[in-house]
Amino acid sequence: MREQKFTDEQKMEVALDLLSGKLSHGEVCRKYGISSTYKLKDRAMEILRQGMRRPPGRPSAEVDLLQKRIADLEQLAGDQALAIRALKKTIR
């Protein structure tokens, strides 16, 4: 069986279905095609915690960190390009 990819909204729906108590663990697994051996309740709690830490539309802390890293690397590349240009001028 191939691994299913759920959107963040679908993950929240699964978590809420399980944690609300309206459906049993087995019913949630069948409804969404998830293996019944999967630690669904632990994962559901983790998903809800992650969702509560950031407002809708706000990227995760990991995305923020990666965006900062990209900006730093772009700055470094620009600085190096300027240094190379200056060295070329002094050689001529």
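This next bit is on the overall build of the protein chain. Within the protein chain, the secondary structure is distributed over four helices and zero strands. Counting every position in the protein chain, which comprises 92 residues, the buried fraction comes to 13%. Taking the contacts inside the protein chain whose residues are at least 6 apart along the sequence as the reference set, 41% of them involve residues at least 24 apart. Carbon together with sulfur atoms contributes 57% to the accessible area of the protein chain, which is approximately 7900 Å² in total.

Side chains that differ in sign of charge can pair as their charged atoms come close. For the coordinates displayed, the defined rule picks out two salt bridges. One salt bridge connects aspartate 17 with lysine 31, and the closest N-O pair in it is separated by 3.0 Å. Of this pair, aspartate 17 sits in helix α1 (residues 8-20) while lysine 31 sits in helix α2 (residues 25-32), and the two are 14 residues apart along the sequence. Across the pair lysine 68 and aspartate 72 runs a salt bridge, and its minimum N-O distance is 3.2 Å. Highlighted residues: lysine 68 and aspartate 72, both in helix α4 (residues 61-91), separated by four residues, approximately one helical turn.

How each quantity is defined
- Residues numbered from 1 in each chain as written.
- Predicted model: local features only at pLDDT ≥ 70, side-chain atom pairs only at ≥ 80, totals over all residues.
- Heavy atoms only, no water.
- Helix = DSSP H or I, 4+ residues; strand = E, 2+ residues; numbered from the N terminus.
- Buried < 20%, exposed > 50% of the residue type's maximum accessible area, 1.4 Å probe, protein only.
- Contact = heavy atoms within 4.5 Å.
- Areas by Shrake-Rupley, 256 points an atom, 1.4 Å probe, with all protein chains shown as cover.
- Salt bridge = Lys/Arg side-chain N within 4 Å of Asp/Glu carboxyl O.

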